[in-house]
Amino acid sequence: MQPSSWPPPMQPAPPQPLSYGTPGVVTAFRIFTGFCAAFALFMALFGLIKVTGWDYKLGLRPEGDTEPVDESDWGVVVFLLAVGIFMLACAFIQAKPSSWGVGLAVLILGLPCCLVPSVVLLIFWCQTPTRLYFLSHGWKTLPPPMQPPPPPPPTVG
């Protein structure tokens, strides 16, 4: 009687997927929205200085140079402040399905002022790994990788 080959010899485990990590486009998106937030907040601060007349007091404009301040100037300052706060909040966006759509909207709204970075980020934002990252709440809800089926029993005969 020959020695049985059952159980079969141990086979190496199939390779496990590496840690997925955060897609690079998400990091680039955070940097992009951070710069947009800083720019909008800086412009809001500059507008506030102009509207309140502090530019005269700080010596940024000569006394003879007068520019009338309109009521709509306050609206621009408030709008820039709101955009800056919104962009800053988007820089810290969490990985959940609705966040992908918010990021898409931010990138589309960024097209008029930052065309090239917005287009590049839009291309990568719409790709499958980024969508899966947000759909799986940052890879947390992905099912475990499938295991290969067990080998068939040896045939006797």
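For the structure, check the block above.
Residues numbered from 1 in each chain as written. Predicted model: local features only at pLDDT ≥ 70, side-chain atom pairs only at ≥ 80, totals over all residues. Heavy atoms only, no water.

*Asks:* Quick question: what am I supposed to make of the overall build of the protein chain here?
*Replies:* Along the protein chain, the regular secondary structure elements total six helices and zero strands. Across the 157 residues of the protein chain, 25% fall into the buried class. For the protein chain, the proportion of contacts with a sequence separation of at least 24, taken over those separated by at least 6, is 64%. When the accessible surface of the protein chain is split by element, carbon and sulfur atoms take 72% of a total near 11400 Å². (Helix = DSSP H or I, 4+ residues; strand = E, 2+ residues; numbered from the N terminus. Buried < 20%, exposed > 50% of the residue type's maximum accessible area, 1.4 Å probe, protein only. Contact = heavy atoms within 4.5 Å. Areas by Shrake-Rupley, 256 points an atom, 1.4 Å probe, with all protein chains shown as cover.)

*Asks:* Can you help me understand the nonpolar core in this one?
*Replies:* Generally speaking, a soluble globular protein has its nonpolar side chains buried in company with each other. Membership of the largest hydrophobic core comes to 20 residues, with the highest contact counts inside it found for Val 26, Phe 29, Leu 107, Trp 125, Tyr 133 and Phe 134. At the level of elements, helix H1 (24-52), helix H3 (71-91), helix H4 (97-109), helix H5 (115-125) and helix H6 (128-135) are the ones that each hand at least two residues to this core. No other element matches H1, which puts six residues into this core. With sequence-adjacent residues up to four places away left out, Phe 134 is seen in contact with Val 26, Gln 94, Ala 95, Lys 96, Pro 97, Ser 99, Trp 100 and Trp 125. (Core = buried A, V, L, I, M, F, W, Y, C linked by side-chain atoms within 4.5 Å.)

*Asks:* What should I look at first to understand the packing of H1 against H4 in this one?
*Replies:* Contact pair H1 / H4: the axes reach a minimum separation of 12 Å and the direction vectors enclose 50°. Judged by the inter-axis angle, H1 sits oblique to H4. Note on packing geometry: the crossing formed by H1 with H4 is left-handed. Seen from H1, the contacting residues are Phe 29, Phe 32 and Thr 33; seen from H4, they are Gly 103, Val 106 and Leu 107. (Axes fitted to C-alpha atoms, helices over the stretch in contact; angles between N-to-C directions. Parallel < 35°, antiparallel > 145°, perpendicular 65-115°, else oblique. Left-handed = near helix turned anticlockwise from the far one by under 90°.)

*Asks:* I would appreciate a short explanation of a nonpolar patch on the surface in the present structure.
*Replies:* Taken together, the side chains of Leu 115, Val 116, Val 119, Val 120, Ile 123 and Phe 124 present a nonpolar region at the surface, about 540 Å² in accessible area. As for its position among the elements, Phe 124 is in helix H5. Phe 124 sits in the partly exposed class, given a relative accessible area of 41%. (Patch = residues over 30% accessible without salt bridge, like charges linked within 9 Å, V, L, I, M, F, W, Y side chains within 5 Å. Salt bridge = Lys/Arg side-chain N within 4 Å of Asp/Glu carboxyl O.)

*Asks:* Is there a simple way to explain unusual backbone geometry in this structure?
*Replies:* Among all residues save glycine, negative phi is the norm, and among peptide bonds the norm is trans. Within the chain, His 137 stands out as a residue other than glycine whose phi angle is a positive 55°. Looking at where His 137 falls in the secondary structure, it is placed in the segment after H6. Looking at His 137, the relative accessible area reads 33%, which means it is partly exposed.

*Asks:* What exactly am I supposed to notice about the side chain of Thr 130 here?
*Replies:* Structurally, Thr 130 is set in helix H6. Beyond its immediate stretch of four places on either side in the chain, Thr 130 contacts Pro 23, Val 25, Val 26, Trp 100, Phe 124 and Trp 125.

*Asks:* Which parts of the structure should I look at to understand the environment of Val 83?
*Replies:* Inspection of the secondary structure puts Val 83 in helix H3. Val 83 sits in the partly exposed class, given a relative accessible area of 26%.

*Asks:* Would you mind going over the packing of aromatic side chains with me for this structure?
*Replies:* Working definition: an aromatic ring pair is given by the centre-to-centre distance plus the angle between the planes. Applying the stated criterion to the full structure yields three aromatic pairs. Considering the side-chain rings of Phe 29 and Trp 125, the 4.7 Å spacing of their centres and the 40° angle between planes classify their relative orientation as tilted. Placement of Phe 29 in helix H1 and of Trp 125 in helix H5 is noted, with a sequence separation of 96 residues between them. The exposure class assigned to Phe 29 is buried, which follows from its relative accessible area of 0%. On the basis of relative accessible area, Trp 125 is assigned to the buried category, the value being 0%. Their ring planes at 45° and their centres at 5.2 Å tell us that Trp 125 and Phe 134 sit as a pair that is tilted. Three or more aromatic residues joined by ring pairs form one cluster here, namely Phe 29, Trp 125, Tyr 133 and Phe 134. Across the ring face of Trp 100, the terminal group of Arg 131 is positioned such that the distance to the ring centre comes to 4.3 Å. (Phe/Tyr/Trp six-rings, centres within 6.5 Å; stacked < 30°, edge-to-face > 60°. Lys NZ or Arg CZ within 6 Å of the ring centre and 35° of its normal.)

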